[in-house]
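Here's the letter readout for the chains.
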Amino acid sequence: MPDDLLLRLRDFHEDYFPRHQQRFQDLVAQGQHPKTLFIGCSDSRLVPYLLTGAAPGDLFIVRNVGAFVPPYDQSHGLHGTMAAIEFAVLGLKVERIIVCGHSHCGAIRTAYEGAPEEAVALKAWLRLADEALLPVQPSPEALCRTEQRAVVLQLMRLMDYPMVRRAVEAGHLTLHGWHYVIEQGEVHVFDAVRGAFVPASESDHSGTGPYLPYVEHDGQVLE
Ligand SMILES: [Zn+2]
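Sequence order as written defines residue numbering, which begins from 1 separately in each chain. Given that the model is predicted, a residue must reach a pLDDT of at least 70 before its local features are reported, and side-chain atom pairs must reach 80 or more before they are shown or counted; all residues, however, enter totals for whole chains, interfaces and linings.

Looking up the protein chain in an unreviewed UniProt entry gives the name Carbonic anhydrase, with the organism given as Hydrogenophaga pseudoflava. UniProt positions are given in the numbering used here, feature names are shortened, and annotations may be inferred rather than shown by experiment. The record in UniProt for the protein chain states the following under Sequence similarities (unreviewed entry): "Belongs to the beta-class carbonic anhydrase family." Of the protein chain, the UniProt comment under Catalytic activity (unreviewed entry) reads exactly: "hydrogencarbonate + H(+) = CO2 + H2O".

Caption draft 1: Summary view of the UniProt feature "binding site: Zn(2+)" (unreviewed entry) in the protein chain. Sequence positions flagged by UniProt for "binding site: Zn(2+)" (unreviewed entry) are, in local numbering, C41, D43, H102 and C105. The largest pairwise C-alpha distance within this set of annotated residues, which runs over 65 residues, is 8.6 Å, so the set is compact in three dimensions. What counts as a helix is a DSSP run of H or I of at least four residues, what counts as a strand is a run of E of at least two, and both are numbered from the N terminus. Relative to the assigned elements, C41 resides in strand β1 (residues 36-41). Put simply, a residue is buried when 20 or more other C-beta atoms lie within 10 Å of its own C-beta and exposed when 12 or fewer do; between those, it is partly exposed, and each C-beta is set from the backbone. A residue is classified by how many C-beta atoms lie within 10 Å of it, and C41, with 25 of them, is buried. Placing C-beta atoms from the backbone, we regard two residues as in contact once those atoms come within 7 Å. Apart from residues lying up to four places away in sequence, C41 is in contact with L46, R63, V65, G66, A67, C100, G101, H102, C105 and A107. Within the secondary structure, H102 sits in strand β3 (residues 96-102). Using a count of 25 C-beta atoms within 10 Å as the deciding quantity, one classes H102 as buried. In contact with H102, not counting residues within four places along its chain, are C41, D43, L46, E147, H179, Y180 and I182.

Caption draft 2: Structural view of the pairing of β1. Within β1, 6 of the 6 residues are buried, leaving the element largely enclosed by the surrounding structure. For two strands to be treated as a pair, DSSP must find at least two bridges joining them. Two strands pair when backbone bridges link them, and β1 and strand β2 (residues 59-64) are joined in this way by 6 bridges, in the parallel orientation. Within β2, the position partnered with G40 by the bridge is R63. As paired elements, β1 and β3 share 5 bridges and run parallel to each other.

Caption draft 3: Examining the environment of P71 more closely. Among the structural elements, P71 can be located in the loop between β2 and α3 (80-91). Note on P71: 14 C-beta atoms within 10 Å, which makes it partly exposed. Expressed as a C-alpha distance, the spacing of P71 and A196, which sit 125 residues apart in the sequence, is 23 Å. Beyond its immediate sequence surroundings of up to four residues, P71 is in contact with R157 and D160.

Here's what the structure looks like:
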């Protein structure tokens, strides 16, 4: 008896793939040219393709617990997230970097409450949120504010990556700080000018802005 996952693998091959075969084959023949690096929390409720309406080939994705960006420390350690940022900016030459946190984030909650003793790597990793933590009891409001502060903190760390800063200052790369509110189905966008997160329905751009209009690969200009 095939298990659930095996059935889904067969479904993909027999149902989805034949309908989108050309796109996948083009992406192999021409290679991938994603314009967006998406740094998102590993949370199962955050689904980047659904949120952004992306198709295969659109998003270069790195996900980790909390959607954190390690400090650019030149330690030459085994930093998976750092490697992905370098690959995306230097190799793929992406034009946007999104850092996407979300409501009810277990990483942020655990940063307040502490990880299990045995979770040595998790404890060390969660320290990347330290500067975002508030000196209060973690109420729902405090957790939400911390999730948002953590997104801004990662954007600031991104600007310490020389290749990121260079591309941003040259106008080739834009940064986008998002807080996805799961229960409202809405992303709140960090606006650097207003210094606040603005619901996408009320925001006039998706990035920390303001920026020049973003031109899609098909020439369509997105204001
Ligand atoms: Zn999370």
